[in-house]
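Understanding the architecture of this molecule
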Amino acid sequence: DEEVFGMTFRIQRDSYGETKYHDLKKDGENIPVTAHNKQEFVELYSRYLLNEQVQGPFQAFRRGFMLLMDSYLLKLFRPDELELLICGSREDIDMNELRKGAVYAGGFDASSPVVLWFWKILNDLSSNMKKQFLIFATGSDRIPIQGLASLRLVLQRNGPDSDRLPTASTCYHVLLLPEYPSMEKLKERLLYSINNPEGFGLA
């Protein structure tokens, strides 16, 4: 029996809670994936995922991008410069630069013990962990072209001491911190959240 995969050339995907179907080739629903045609299935599926499926979002991005930069201006940039402009820099992360643009809210100020401990902990992190922190707090490990200070990270008090973990609103660069009583507890709670960002982000 060639029909060993239990699949056809019709695939399904979830789109905002709605199941949608797509035929990878004509009459795909009625073409089983077999050992004989599995290579064709993989090629068509890969082409769909990497090209066809992203055409809509890419064209929307392209239209918006071209509103800002016409083709003449694009010719002024090398590919690596365009990447820097769009995605930001991957240079070493200087937490002192991030600190320069920081804003404090909810009862915190620059001299609050938790705030002072927070910056000390960040400065002592490895380069990789600093990137992990940026992902947790902002959703990206890239440095904006204007520099880290332009992020304007908001450190906001999230109530008195508790066992709650720090949480982040990545869209607004807001980090919510309970007023932990010691640097040790802050470090333990913060590192846990940094290493498990999917569970504690509020993007």
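This text goes with the structure placed above it.
Residues numbered from 1 in each chain as written. Predicted model: local features only at pLDDT ≥ 70, side-chain atom pairs only at ≥ 80, totals over all residues. Heavy atoms only, no water.

Turning our eyes to something else, we now look at the overall build of the chain. Looking only at helices and strands, one finds nine helices and six strands in the chain. Within the chain, the fraction of its 203 residues that count as buried is 32%. Here the contacts in the chain between residues at least 6 apart in sequence split such that 58% fall between residues at least 24 apart. (Helix = DSSP H or I, 4+ residues; strand = E, 2+ residues; numbered from the N terminus. Buried < 20%, exposed > 50% of the residue type's maximum accessible area, 1.4 Å probe, protein only. Contact = heavy atoms within 4.5 Å.)

In a structure, side chains of opposite charge can pair up when their charged atoms sit close to one another. Under the definition given, this model contains nine salt bridges. Between Glu179 and Arg157 there is a salt bridge; the shortest N-O distance is 2.6 Å. Of this pair, Glu179 sits in the loop between β6 (174–177) and α8 (183–195) while Arg157 sits in strand β4 (residues 154–157), placing them 22 residues apart in sequence. Since its relative accessible area comes to 33%, Glu179 is described here as partly exposed. (Salt bridge = Lys/Arg side-chain N within 4 Å of Asp/Glu carboxyl O.)

Another point: the nonpolar core. Phe118, Trp119 and Phe133 are the most contacted members of the largest nonpolar core, which totals 29 residues. Elements with a minimum of two residues in this core: α5 (95–100), α6 (113–123), α7 (127–138), β6 and α8. Of the residues forming this core, the biggest block, six residues, is contributed by α6. Aside from chain neighbours lying at most four places away, what touches Trp119 is Met95, Leu98, Arg99, Ala102, Tyr104, Leu153 and Leu155. (Core = buried A, V, L, I, M, F, W, Y, C linked by side-chain atoms within 4.5 Å.)

Across the two faces of β6 the burial is the same, with Val174 and Leu176 and Leu175 and Leu177 all buried. Relative to β6, β4 is paired through four bridges, and the arrangement is parallel. The residue bridging Gln156 from the neighbouring strand is Leu176, located in β6. Bridge analysis of strand β5 (residues 167–169) against β6 gives three bridges, and the strand direction is antiparallel. Counted as the bridge partner of Ser169 is Val174 from β6. The antiparallel pairing of β5 with β6 creates a hairpin that spans four residues between the two strands, and His173 there sits at a positive phi of about 60°. (Pairing = 2+ DSSP bridges.)

For the rest of this paragraph, the subject is the packing of α6 against α8. Between α6 and α8, the least distance of the axes is 10 Å, while the angle of their chain directions is 55°. As judged from the angle between their axes, α6 and α8 are oblique. Along this stretch, α6 crosses α8, giving a crossing that reads as right-handed. Along the contact surface, α6 presents Val114, Trp117, Phe118, Lys120, Ile121 and Leu122, while α8 presents Met183, Leu186, Lys187 and Leu190. For the contact of α6 with α8, the class distribution of residues is eight nonpolar, no polar and two charged. (Axes fitted to C-alpha atoms, helices over the stretch in contact; angles between N-to-C directions. Parallel < 35°, antiparallel > 145°, perpendicular 65-115°, else oblique. Left-handed = near helix turned anticlockwise from the far one by under 90°. Nonpolar A, V, L, I, M, F, W, Y, C, P; charged D, E, K, R; others polar.)

Purely geometric stuff here, so don't read any function into it on its own.
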